[in-house]
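Coordinate analysis (summary)
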There are 2 protein chains.
Amino acid sequence: MTRRTVAEHISRVTDLLHGLDSLPACDATLAEALGRVLAADVHSPVDLPPFRNSQMDGYAVDAASLAAGTTTLPVRATIAAGESAPSHIAGTAIKIMTGAPIPEGADCVVPVEDTTTADGQVTVLRSRAAGDFVREAGSDVHTGDLLLPAGVVLGPRHIAALAAVGLTSTRVRRRPRVAVITTGTELVEGGLPLGPGQIYDSNGITLASCARANGAEVDSIARSSDDPDTFRKLLTVATDYADVVLTSGGVSMGDFEVVRAVLEPLGGEFGHVAMQPGGPQGTTVVDGVPVLSFPGNPVSTLVSFEVFARPLLRKAAGLPPIVAEELPVVDAVTSPPGKRQFLRGRREGGQVKLVSGPGSHLVAGMAWADVLLDIPAEVTTLVAGSTVTVWAL
Amino acid sequence: MTRRTVAEHISRVTDLLHGLDSLPACDATLAEALGRVLAADVHSPVDLPPFRNSQMDGYAVDAASLAAGTTTLPVRATIAAGESAPSHIAGTAIKIMTGAPIPEGADCVVPVEDTTTADGQVTVLRSRAAGDFVREAGSDVHTGDLLLPAGVVLGPRHIAALAAVGLTSTRVRRRPRVAVITTGTELVEGGLPLGPGQIYDSNGITLASCARANGAEVDSIARSSDDPDTFRKLLTVATDYADVVLTSGGVSMGDFEVVRAVLEPLGGEFGHVAMQPGGPQGTTVVDGVPVLSFPGNPVSTLVSFEVFARPLLRKAAGLPPIVAEELPVVDAVTSPPGKRQFLRGRREGGQVKLVSGPGSHLVAGMAWADVLLDIPAEVTTLVAGSTVTVWAL
């Protein structure tokens, strides 16, 4: 690929990952469905409420029996929630609990607060209109009504509606599946001692965490040496499983660029995006699966994910987009020309302060940042107090 | 308890749940640690970078060997990332890859872009200062430095820092454990046919979803009939396991209020909070475990959770607080006096519109809301366009 702007590469990656927007549906229990995207409209299989019931603890009567002043009626029965209703007899009252079915023939409920009782009789202190404190069957939703539309991200209130109509599972969009392959002969598994020239592999768990934090499933994190056959084998495993493969390292100008060496012959486009960190980038489609190749410096890897992969994974998972903010910078910022800079910063009292340095190896320093400052390629200086676009990490 | 305001009951619940802020620490692998609260400061066990290394693909030289114009040097060796560095000999160059160790005696790196090569020799096009494109050992973090402070909610960038220093697990705060008990003889498990007077139990999965969506663990969802012995047994199971027990139903003015009947003799405070929905509320401490008792209407249950439990669970889980917004209402709103109203609404173009009705049984209708309108007890009318406090659901 020729040298690209960040916007051009975003556009290329967006094209490649369009399949994420039409992931197949699968069944999920209501417990599993929390936070997932509903794959199809759900229509109610029942009326809700399923039957006419009382809104209050009180007495079911017919409104016509009540005088304008006080009325005393014999209490013929008591009906709890969950019981069948006896039929009503005009001129009597039935004690009724909230949610219990309204007896046939009764048409309103007198709240217990508006009554006194003695000797099996209830005295009602005021008149009532038909329908008072009665919840009609279907007054919340009717059988066949749209309960929830496809595309909703299922929160507790949606789970509540599904459960209330008696459903125990629903159709949701499958989560995007991401596979991660890190490369580099210098990488060592955490917990082992470092030999000369070796560093710990942080990109594998980092990219997996990035993907999971943005709604994806990651079952596969692999580490490849700079040997092409090893990388090729891991790639086959990854493309068998994943909707998107993310690789780190092996994309630059060195002599041992295993990712580039394997993927370029498969049609991969490798080259430079005008950004720092994260300049060297590659995109390939392997057996129909898009492969995004990020550079190996840990900060470059993380920034590449945030800029290129995060918006698309969030969209596929039904998560809200990360919205850019405009904040004033505490101190002056200088930036080399010709490359869009993503500097690490921290919000402080409505402003943003640079943390750590620009070096793409400063992974510990990045942990103290909570935003990326997005400095356009043509900007070389920002005076203190000027406004900069920031993206929450 | 006497009749309380919402603020008074929030204060009471906050006192009861203070233990959530000091949950014990536990170990988590880096994959498990994502999204969790770091329980103790982490200091780096290593220098990062662990050794002096090259920031670029290029040539390691000593700056003193380079003339102001061009300099041609023999290329003595090539060193890849992950290899040990040979020592440097003045007046020669060593080809070096990004991340490879700087040879002893060399003091800068010339990027490959600033060189030409022929016949085993490299021609360097400009002079360089000592330190150029060299990453010093410990320049990101030194052994013993604070890597991450206790209390951080671990995002991908924190996982990256932990992995980069070779850690594979870390100490995190245990998630709050919530147990849920719903009550009501009228409740039926989803998927089964409804008998007369029966409704589906939605409160169990709803409260569990609410708790999970706000960072808690819920292993126990139980349903009790209105039989006190059944409720008592389920309560024992719940208090054995949980940091907080949430119950729904059985707290009101009816004849079969099982929660109130069992918990009041144990010191439970039951009574009315001046709010709609959600008026009847109870709090008890059973075997040292706080029990929050919500009313059983599905909307009342959900609103009770949002108002009383959600802020405390989020705090314990290290999640950001839900921040109130002030939005204009599309249409006029009327509200009964003396009770703080939490009406269901939906954001529409910077305003908020009421959805569904005020009835506390309208659980399907609530699924179409995305905010609660918070109408103060003393307010009875809001004209269209006036501002109301809303809370995101």
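Keep in mind the model is a prediction, meaning the values are calculated, not measured.

1. What to know about the overall build of chain A
Of the regular secondary structure elements, chain A holds 8 helices and 28 strands. Its C-alpha atoms give chain A a radius of gyration of 32 Å, more than 25% over the compact-globule value 21 Å for 393 residues. For chain A, the C-alpha atoms occupy an extent of roughly 95 × 50 × 40 Å along the three principal directions. Scored against the burial criterion, the 393 residues of chain A give a buried share of 53%. Taking all contacts inside chain A whose residues are at least 6 apart in sequence as the whole, residues at least 24 apart take part in 68%. Summed over its atoms, the accessible surface of chain A is roughly 15,100 Å², and 53% of this surface lies on carbon and sulfur atoms. Here chain A contributes 30 positive and 42 negative side-chain charges, whose respective centroids are spaced 3 Å apart.

2. Considering the domain arrangement of chain A
Structurally, chain A comprises domain 1 (6–23 + 175–317), domain 2 (28–48 + 139–173), domain 3 (53–135) and domain 4 (325–392). Once you take the C-alpha centre of each, domain 1 of chain A and domain 3 of chain A turn out to be 69 Å apart.

3. So, the relation of the copies chain B and chain A
Overlay of chain B on chain A (RMSD 0.1 Å): rotation 180°, translation along the axis 0.0 Å. Seen this way, the second copy is the image of the first under a two-fold rotation axis. Among all residues of chain B, the minimum C-alpha distance to the rotation axis is found for Ala213 of chain B, at 7.0 Å. By residue overlap, the copies meet face to face through one surface: 100% of the interface positions of chain B are interface positions in chain A.

4. Some points on the interface of chain B and chain A
In many analyses, interface size is given as the accessible surface area lost on bringing the parts together. In this complex, chain B contributes 76 residues to the contact, which on the side of chain A involves 76 residues. With both chains or domains summed, chain B and chain A bury close to 5,800 Å², and 67% of this area falls on carbon and sulfur atoms. Connecting chain B to chain A are 0 salt bridges. Here chain B is connected to chain A by 22 residue pairs in polar contact (both at pLDDT 80 or more). Among the secondary structure elements, those contributing two or more residues to the side of chain B that touches chain A are α2 (30–33), β11 (146–148), α3 (156–164), β15 (199–200), α4 (203–213) and α8 (363–366) of chain B. Take the side of chain B that touches chain A: its biggest share by element is 8 residues, from α3 of chain B. The residue makeup of the side of chain B that touches chain A, split by class, is 42 nonpolar, 22 polar and 12 charged.

5. Here's the deal with the packing of helix α1 (residues 6–16) of chain B against helix α7 (residues 298–317) of chain B
Residue and element names in this part refer to chain B. Contact pair α1 / α7: the axes reach a minimum separation of 10 Å and the direction vectors enclose 40°. Regarding the angle of α1 to α7, the classification is oblique. In this structure, the crossing between α1 and α7 has a hand that is right-handed. Of the residues in α7, those touching α1 at Val6, His9, Ile10, Val13 and Thr14 are Val307, Phe308 and Leu312.

6. So, α4 of chain B
Every α-helical turn comprises 3.6 residues, leaving residues that sit three or four positions apart pointing alike. With 9 of 11 residues buried, α4 of chain B lies mostly within the body of the structure. The first or second residue beyond α4 of chain B is Gly215 of chain B, which carries a positive phi of 90°.

7. A few points about the environment of Ala64 of chain A
Residue and element names in this part refer to chain A. Its place among the elements puts Ala64 in the loop between β4 (58–61) and β5 (71–79). Take Ala64: its relative accessible area is 73%, and that puts it in the exposed class. In this structure the C-alpha to C-alpha distance between Ala64 and Gly279, which are 215 residues apart in sequence, comes to 81 Å.

8. Points about helix α3 (residues 156–164) of chain A
All names here are of chain A. Judged by how many residues are buried, α3 sits mostly within the fold: 9 of 9 residues are covered. When we look at burial in α3, the residues that qualify are Pro156, Arg157, His158, Ile159, Ala160, Ala161, Leu162, Ala163 and Ala164. Two residues or fewer past α3, Gly166 is found with a positive phi of approximately 90°.

9. Focus on the pairing of strand β25 (residues 351–354) of chain A
All names here are of chain A. Bridging between strand β24 (residues 340–348) and β25 involves 4 bridges; their strand directions are antiparallel. Each bridged residue has a counterpart across the sheet, and for Arg347 the counterpart in β25 is Val352. In textbook terms, the turn of a hairpin is the stretch between consecutive antiparallel strands, and for β24 and β25 this stretch comprises 2 residues, one of which, Gly349, has a positive phi near 55°.

10. Looking at the sheet that holds strand β16 (residues 217–224) of chain B
Residues and elements named next belong to chain B. On the basis of which strands lie adjacent, the open sheet formed by 6 strands has the order β16-β13-β17-β21-β20-β18 and mixed pairing. Two strands lie at the open edges of the sheet, namely β16 and β18 (269–272), each paired on one side alone. Strand-to-strand twist in this sheet, taken as the mean axis angle between neighbours without regard to direction, amounts to 15°. Two strands pair when backbone bridges link them, and β18 and strand β20 (residues 280–286) are joined in this way by 4 bridges, in the antiparallel orientation. If you follow Glu269 over to β20, its bridge partner there is Thr283.

11. Looking at the sheet that holds strand β8 (residues 115–118) of chain B
Residue and element names in this part refer to chain B. In spatial order, the strands read β7-β4-β6-β5-β9-β8; together these 6 strands make up an open sheet with mixed pairing. Of all strands in the sheet, those bounded by a partner on one side alone are β7 (108–111) and β8. Neighbouring strand axes in the sheet, compared pairwise and without regard to direction, differ in orientation by 40° on average. Inspection of the sheet shows strand β4 (residues 58–61) paired to β7 by 4 bridges, in the antiparallel sense. Along β7, the bridge assignment pairs Tyr59 with Val110.

12. Re the side chain of Arg36 of chain B
Residues and elements named next belong to chain B. Mapped onto the secondary structure, Arg36 falls in the loop between α2 and β2 (42–43). Of the side chains with opposite charge, Glu217 comes closest to the buried, unpaired Arg36, at an N-O distance of 5.2 Å. Within the structure, the side chain of Arg36 is placed 3.2 Å from the backbone oxygen of Arg173, a separation counted as a polar contact. Beyond its immediate stretch of four places on either side in the chain, Arg36 contacts Cys26, Val152, Val153, Leu154, Val172, Arg173, Arg174 and Arg175.

The rules behind each value
Residues numbered from 1 in each chain as written. Chains lettered and ligands numbered in written order. Predicted model: local features only at pLDDT ≥ 70, side-chain atom pairs only at ≥ 80, totals over all residues. Heavy atoms only, no water. Helix = DSSP H or I, 4+ residues; strand = E, 2+ residues; numbered from the N terminus. Rg over C-alpha atoms; globule rule 2.2 N^0.38 Å. Buried < 20%, exposed > 50% of the residue type's maximum accessible area, 1.4 Å probe, protein only. Contact = heavy atoms within 4.5 Å. Areas by Shrake-Rupley, 256 points an atom, 1.4 Å probe, with all protein chains shown as cover. Lys, Arg positive; Asp, Glu negative; His and termini not counted. Charge placed at Lys NZ, Arg CZ, Asp CG, Glu CD. Domains from an automatic or database assignment. Least-squares fit on C-alpha atoms with pLDDT ≥ 70 in both. Buried area = accessible area lost by both parts, 1.4 Å probe. Salt bridge = Lys/Arg side-chain N within 4 Å of Asp/Glu carboxyl O. Polar contact = N/O pair within 3.5 Å; in protein donor to acceptor, adjacent residues only side chain to side chain. Nonpolar A, V, L, I, M, F, W, Y, C, P; charged D, E, K, R; others polar. Axes fitted to C-alpha atoms, helices over the stretch in contact; angles between N-to-C directions. Parallel < 35°, antiparallel > 145°, perpendicular 65-115°, else oblique. Left-handed = near helix turned anticlockwise from the far one by under 90°. Pairing = 2+ DSSP bridges.

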